[in-house]
Amino acid sequence: MESMGKKKPRPRRSFAPEFKAEIVDLCQRGHRSVGQVAKDFDLTETAVRDWIRQAEVNAGERDGLTSDEREELARLRRENRRLREDVDILKRATAFFAKETR
């Protein structure tokens, strides 16, 4: 009975942008609450609220990074990390070869 009262974490799911847009549209029309839409589609309220917030940013109704800007930032961070690793490798290789030539 150890697990009594403990919720099992949900597996991470991904959704198509079209599906997210439909959910946001349902919430913004005002016929149903965010909680009801989330319950009807077996989603978390937090996820639905995040999708609504991101849709508002993309539409220019709220401050923040648009989806395109977020993708570009993630790409640039990956590239920056790779370039730092390349520089680190070159530094180690330079030190190794400098030691060998003495």
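Anything mentioned here points back to the structure above.
Here the structure is a predicted model, which is why all the values come from computation and not from measurement.

J.: Just checking my understanding: could you explain a negative patch on the surface for this structure?
T.: A grouping of Asp-68, Glu-69, Glu-71 and Glu-72 is seen on the molecular surface, where their side chains present a negatively charged patch. Along the chain, the position of Asp-68 falls in helix H4 (residues 67–100). Accessibility expressed as a relative area gives 59% for Asp-68, which makes it exposed.

J.: What should I look at first to understand the pattern of salt bridges in this one?
T.: Opposite charge on two side chains lets them pair, provided their charged atoms get close. Enumeration over the complete set of coordinates arrives at 9 salt bridges. A salt bridge links Asp-25 to Arg-29; its shortest N-O distance comes to 2.7 Å. Of this pair, Asp-25 and Arg-29 both sit in helix H1 (residues 17–29), separated by 4 residues, roughly a single helical turn. In this structure Asp-25 comes out as partly exposed when scored by relative accessible area, which is 35%. A salt bridge links Arg-62 to Glu-56; the nearest nitrogen and oxygen atoms lie 2.9 Å apart.

J.: In this structure, what is going on with the nonpolar core? I would like to understand it.
T.: Most often, soluble globular proteins have nonpolar side chains that are buried together. The biggest cluster of nonpolar side chains holds 11 residues, and these are Ile-23, Val-24, Leu-26, Cys-27, Val-34, Val-37, Ala-38, Leu-43, Val-48, Trp-51 and Ile-52. Elements that contribute at least two residues to this core include exactly H1, helix H2 (34–40) and helix H3 (45–58). Ranked by residue count, the leading element in this core is H1, at 4 residues. Here Leu-26 is in contact with His-31, Arg-32, Val-37 and Phe-41, once residues within four sequence places are set aside.

J.: For this particular structure, what's the right way to read the packing of aromatic side chains?
T.: The relative placement of two aromatic rings is captured by the distance of their centres and the angle of their planes. Counting across every chain of the model gives 5 aromatic pairs. Here the aromatic rings of Phe-15 and Phe-19 are separated by 5.3 Å at their centres, their planes lie at 25°, and the arrangement is stacked. For Phe-15, a relative accessible area of 26% gives the class partly exposed. Relative to Trp-51, the ring of Phe-19 lies with its centre 6.2 Å away and its plane at 80°, an arrangement referred to as edge-to-face. Separated by 32 residues along the polypeptide, Phe-19 in helix H1 and Trp-51 in helix H3 bring together distant segments of the chain. By relative accessible area, Phe-19 is classed as partly exposed at 25%.

Each value, and the rule that gives it
- Sequence positions are assigned chain by chain, starting from 1 and proceeding in written order.
- Selection of residues for local features in this predicted model requires a pLDDT of at least 70, selection of side-chain atom pairs for listing and counting requires 80 or more, and totals for whole chains, interfaces and linings are taken over all residues.
- Heavy atoms from the whole structure form the basis of all side-chain values; hydrogens and water molecules are not counted.
- Here the term patch refers to residues with relative accessible area over 30% and no salt bridge, with like charges joined within 9 Å and nonpolar side chains (Val, Leu, Ile, Met, Phe, Trp, Tyr) within 5 Å.
- We get accessible surface area from the Shrake-Rupley algorithm with a probe of 1.4 Å; when it comes to residues, only the shown protein chains can shield them.
- The working definition used for a salt bridge is a side-chain nitrogen of Lys or Arg within 4 Å of a carboxyl oxygen of Asp or Glu.
- Positive charges are assigned to Lys and Arg, negative charges to Asp and Glu, while His and the chain termini are left out of the count.
- A single reference atom marks each charge: NZ on Lys, CZ on Arg, CG on Asp, CD on Glu.
- Only DSSP runs of H or I covering at least 4 residues are called helices, and only runs of E covering at least 2 are called strands; the numbering of each starts at the N terminus.
- Using a 1.4 Å probe on the protein chains alone, a residue whose accessible area is under 20% of its type maximum counts as buried, one over 50% counts as exposed, and one in between counts as partly exposed.
- The definition of a nonpolar core used throughout is a set of buried Ala, Val, Leu, Ile, Met, Phe, Trp, Tyr and Cys residues joined through side-chain atoms within 4.5 Å.
- Any two residues whose heavy atoms approach within 4.5 Å are treated as being in contact.
- A pair of Phe, Tyr and Trp rings is counted when the ring centres sit within 6.5 Å of each other, with Trp represented by its six-membered ring. The angle between the planes then sorts it: under 30 degrees is stacked, over 60 is edge-to-face, the rest tilted.

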